[in-house]
Amino acid sequence: YPTFMNVLIPIAVTPYLSDFAIAFNAIARRAILQDPAWKNGNYNKEEGEVVGLSIARMLGMVTYRSSQLFNQRFNRKMMENWGKTHDEVTFEVESYLLHQGEKLIQRFDANSYLYLLKAMDSHDIGRDRGGWQQALSLMKATVLAIGFKGDLLYPPEQLKHLTDVYQEMGKKARFFEIDTEYGHDGFLVEFEKWGGIIRQGVYENKKAIVAGS
């Protein structure tokens, strides 16, 4: 239903998932599938955790945020008990990732995680439509696109390219790149930086609709 929208606001996304992002998902998926505790999807949490899910989450956490943020936050800080135990965890960043992985095991299903990864991989607005540019040509809505600096999964330059192509088709589109150290997670934790763009864009479009009617 390409003509059902008056305003389309893609946020931290691209017309299709890049091979670079698919590569991360492939590693995460492999961690789960090769875990003996997964048991081909028939695992029981009470019989043991799927450690592969925690590894997948650790990898995901690296892609959600920027290298700049990781470096600033941890700054190569070492664990206080480093060298005093048999634990291989040396740096605080390792402890952080392990903690995030363990938390997800307690509240999420490994099979659901696999489906989410495949859903990401298969995302392509041009599939069965002759390509993403052909899909754009079917739309009439004003596009207000918002990308986030340092986003590894959905690079803002790809979203900008989409708006450029849309404009070349003679349609209305604007692109905003949000300056953030959070990478992809910028859309979750810094709403104050981009919320106003949506409010203004929707307001302007409503005025246009009223004037046109």
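Shown above is the structure to which this text applies.
Given the structure is predicted, the values throughout are model-derived calculations rather than measurements.

**Quick word on the overall build of the protein**
Item 1. A tally of regular secondary structure across the protein gives nine helices and three strands.
Item 2. For the protein, the spread of C-alpha atoms along the principal axes amounts to about 70 × 40 × 25 Å.
Item 3. Counting all 213 residues of the protein, 39% fall into the buried class.
Item 4. Within the protein, counting contacts between residues at least 6 apart in sequence, those at least 24 apart form 72% of the total.
Item 5. Taking the average place of the 25 positive charges on the side chains of the protein and the average place of its 26 negative ones, the gap between the two points comes to 7 Å.

**A closer look at the pairing of strand E2 (residues 142-148)**
Here is the key point about a regular strand: its side chains alternate between the two faces of the sheet.
Item 1. Extensive coverage of E2 is indicated by the burial of six of its seven residues.
Item 2. When strand E1 (residues 7-8) meets E2, the two strands line up parallel, connected through two bridges. Looking at E2, one finds that Val7 is bridged to Thr142.
Item 3. Where E2 lies against strand E3 (residues 173-178), six bridges are found, and the strand directions are parallel. What sits directly across from Leu144, in E3, is Arg174.
Item 4. In this region the chain leaves E2, passes through helix H7 (residues 156-168) and returns to the parallel neighbour E3; the handedness of that crossover is right-handed.

**Some thoughts on helix H2 (residues 51-64)**
Item 1. The first and last C-alpha atoms of H2 sit 20 Å apart over 14 residues, in line with the 20 Å expected at 1.5 Å per residue.
Item 2. Across the 14 residues of H2, ten count as buried, placing the element largely inside the fold.
Item 3. The set of residues buried in H2 consists of Gly52, Leu53, Ser54, Ala56, Arg57, Leu59, Gly60, Met61, Thr63 and Tyr64.
Item 4. Those residues of H2 that are buried are in contact with helix H1 (19-33), helix H3 (67-74), helix H4 (92-107) and helix H5 (110-122).

**Here we look at the environment of Pro156**
Item 1. Residue position: Pro156 is located in helix H7.
Item 2. Classification of Pro156 by relative accessible area gives buried; the value is 5%.
Item 3. Distance from Pro156 to Tyr43, taken between C-alpha atoms, is 38 Å for residues 113 residues apart in sequence.
Item 4. The residues contacting Pro156, other than those within four sequence positions of it, are Gly147, Phe148, Lys149, Asp151, Phe175 and Glu177.

**A few points about unusual backbone geometry**
Item 1. Unusually for a residue other than glycine, Asn75 sits at a positive phi of about 50°.
Item 2. The residue Asn75 is located in the loop between H3 and H4 in this model.
Item 3. For Asp128, which is not glycine, the phi dihedral falls at a positive 65°.
Item 4. Here Asp128 is to be found in the loop between H5 and helix H6 (132-137).
Item 5. Asp128 sits in the exposed class, given a relative accessible area of 78%.

Analysis parameters
Residues numbered from 1 in each chain as written. Predicted model: local features only at pLDDT ≥ 70, side-chain atom pairs only at ≥ 80, totals over all residues. Heavy atoms only, no water. Helix = DSSP H or I, 4+ residues; strand = E, 2+ residues; numbered from the N terminus. Buried < 20%, exposed > 50% of the residue type's maximum accessible area, 1.4 Å probe, protein only. Contact = heavy atoms within 4.5 Å. Lys, Arg positive; Asp, Glu negative; His and termini not counted. Charge placed at Lys NZ, Arg CZ, Asp CG, Glu CD. Pairing = 2+ DSSP bridges. Right-handed = clockwise from strand over helix to strand, strands pointing away. Expected span 1.5 Å × (residues − 1).

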